[in-house]
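Commentary on secondary and tertiary structure
Take a look at the letters that make up each chain.
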Amino acid sequence: MTAMLQALSGRVAGETLDAGCGDGETGRRIVEVMTGLSRLVLLDQDQTALDEARDQFVGLESRVACEYLVGDVTALPVADALFDTVLLNDVLHHTAAPRQAVRECVRVLKPGGLLVVSEMVCDGLSPAEEVGRDLHHLKSAVDRLHGVPHGPTLPQRQIERMLALAELK
């Protein structure tokens, strides 16, 4: 996340969707580094996660108008071309249809909008990162046994292909 935040530092966010926001930490950190954030919509399929996200924004209400939506990133409950920026932070491996999630995020972007994807990958890792990946894959298997949507991380090329195909449509 550090590299993503450095790349976004000082950029204008406008109306922003944090698709699959989880506990809201990414959205809060975006508020801290990006400028011109007029509205932040935090979306997650889990109401408990959205409640945790609300807690991230206590005290920041004067800086940004926040909305919280329960929804699925593969079928976003918002109109086309609504957002200047869409964030997908560690979301793709939590859905059974990552390509559809990317398509949906592109659909809700305004022309010239910015799609920010930060995703764990399973390849090209250092030995220490491989251990982290393997532990993450073990956790994802346990989550799945308990009915929590959580798949293994994806290869970088697969993510790049999804993004390239989504931009063509």
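Our structure's up above, just so we're on the same page.
Residues numbered from 1 in each chain as written. Predicted model: local features only at pLDDT ≥ 70, side-chain atom pairs only at ≥ 80, totals over all residues. Heavy atoms only, no water.

Remarks on the sheet that holds strand β4 (residues 83–89)
Rule in force here: Between any two strands, at least two bridges found by DSSP are needed for them to pair. For the purposes of this entry, the term helix denotes a DSSP run of H or I that reaches at least four residues, the term strand denotes a run of E that reaches at least two, and both are numbered from the N terminus. Here the axes come from fitting lines to C-alpha atoms, over the contacting stretch only for helices, and the angles between their N-to-C directions go from 0 to 180 degrees. Contacts were defined at the residue level, with two residues in contact if any of their heavy atoms lie within 4.5 Å.
Ordered by their spatial adjacency, 5 strands build an open sheet running β3-β2-β1-β4-β5, and the pairing between neighbours is parallel. Across the chains shown, the open sheet's two edge strands, defined by having one partner strand only, are β3 (65–70) and β5 (109–118). Strand-to-strand twist of the sheet, defined as the mean angle between neighbouring strand axes without regard to direction, takes the value 20°. Across 6 bridges, the pairing between strand β2 (residues 35–44) and β3 is parallel. Residue pairing in the sheet places Arg-39 in a bridge with Ala-65 of β3. Each of β2 and β3 is contacted by helix α3 (residues 47–56), which is oriented at about 170° to β3, the strand it contacts most. Running over the sheet, helix α4 (residues 98–107) touches β1 (12–19), β4 and β5 and is turned about 145° from β5.

Observations concerning the pairing of β1
Convention followed: When accessible area is computed with a 1.4 Å probe and restricted to protein chains, residues below 20% of their type maximum are described as buried, those above 50% as exposed, and intermediate ones as partly exposed.
With respect to burial, β1 is a largely interior element, 6 of its 8 residues being buried. Sheet analysis places β1 next to β2, joined by 7 bridges and oriented parallel. Directly across from Gly-14, in β2, lies its bridge partner Leu-37. Both β1 and β4 contribute to a ladder of 3 bridges, which runs parallel. Across the sheet, the residue bridging to Thr-16 is Thr-85, located in β4.

Section: the nonpolar core
Here is the rule: Each nonpolar core is a collection of buried residues, namely Ala, Val, Leu, Ile, Met, Phe, Trp, Tyr and Cys, held together in the definition by side-chain atoms within 4.5 Å.
Leu-17, Val-73, Leu-76, Val-86, Leu-88 and Leu-92 are the most contacted members of the largest nonpolar core, which has 21 residues in total. Looking at this core, the elements with two or more residues in it are β1, β2, β4, α4 and α6 (156–168). With residues up to four places along the chain from it excluded, the contact list for Leu-92 reads Pro-98, Ala-101, Val-102, Val-117, Glu-119, Leu-154, Ile-159 and Met-162.

Here we look at the pattern of salt bridges
Our working definition: Salt bridges, as used here, are contacts in which a Lys or Arg side-chain nitrogen is within 4 Å of a carboxyl oxygen on Asp or Glu.
Taken as a whole and assessed by the stated rule, the structure comprises 9 salt bridges. Across the pair Arg-54 and Asp-51 runs a salt bridge, and its minimum N-O distance is 3.3 Å. On the criterion of helical spacing, the pair formed by Arg-54 and Asp-51 is a turn pair, its members being 3 residues apart in helix α3. Relative accessible area serves as the criterion here: at 38%, Asp-51 is assigned to the partly exposed category. One network of salt bridges, with partners in common, ties together Glu-15, Arg-39 and Glu-67.

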